[in-house]
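The lines below spell out each chain.
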Amino acid sequence: LTRDAVYAGLGPSRRARLHGAAAAALAEQHGLEPGRRLGEIALHRCEAAGEAGDAEAVDLAGEAAAIALDEGAYEQAVALLTRALAVVPDGDVERRRSIARQRAGAFARLTHAILDTPAG
């Protein structure tokens, strides 16, 4: 609750700067190689981009989402692709379509994982 309250009290530009700093610190410490932290770095990069867009952040999110899908982390893949989609410039129609297709596939896998899980 405290974190959410502090976060909500920050202005958009301050939030973007903090996300950018977090992404840079994580990338410096862990690198941008495929691994557990790549998704976290990608989300921070997308949050730092805001509405201005950031092609590298979108690429990073797509890469992290592909890794998440391979590991069965469908919810994380959906979150990454959703955030990436939000920072693709409106004029980049092909990229927007491609990410939307990937996201639809991730949603389908998530849905199947949830519905195909035995109760109990």
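Residues numbered from 1 in each chain as written. Predicted model: local features only at pLDDT ≥ 70, side-chain atom pairs only at ≥ 80, totals over all residues. Heavy atoms only, no water.

Caption draft 1: Geometry of the overall build of the protein. Counting secondary structure elements, the protein contains 6 helices and 0 strands. When the elements of the protein are put in sequence order from the N terminus, they spell out α-α-α-α-α-α. The principal-axis extents of the C-alpha atoms in the protein amount to approximately 45 × 40 × 30 Å. A sequence separation of at least 24 residues applies to 49% of the contacts in the protein between residues at least 6 apart. Working note: accessible area of the protein is about 7600 Å², and carbon and sulfur atoms make up 55% of it. The distance from the centre of the 14 positive side-chain charges to the centre of the 17 negative ones in the protein is 5 Å. (Helix = DSSP H or I, 4+ residues; strand = E, 2+ residues; numbered from the N terminus. Contact = heavy atoms within 4.5 Å. Areas by Shrake-Rupley, 256 points an atom, 1.4 Å probe, with all protein chains shown as cover. Lys, Arg positive; Asp, Glu negative; His and termini not counted. Charge placed at Lys NZ, Arg CZ, Asp CG, Glu CD.)

Caption draft 2: Fine view of the side chain of R83. Here R83 is to be found in helix α5 (residues 74–86). In this structure R83 comes out as buried when scored by relative accessible area, which is 18%. Here E47 takes part through its side chain, which lies 2.7 Å from a polar atom of the side chain of R83. (Buried < 20%, exposed > 50% of the residue type's maximum accessible area, 1.4 Å probe, protein only. Polar contact = N/O pair within 3.5 Å; in protein donor to acceptor, adjacent residues only side chain to side chain.)

Caption draft 3: Quick peek at the nonpolar core. A42, V58, A61, A77, L80, I99 and A106 are the most contacted members of the largest nonpolar core, which totals 28 residues. Of all the secondary-structure elements, those providing two or more residues to this core are α2 (12–30), α3 (38–49), α4 (55–70), α5 and α6 (93–115). Looking at this core, the element that brings in the most residues is α4, giving 9 residues. The residues contacting I99, other than those within four sequence positions of it, are V58, L81, A84, L85 and V88. (Core = buried A, V, L, I, M, F, W, Y, C linked by side-chain atoms within 4.5 Å.)

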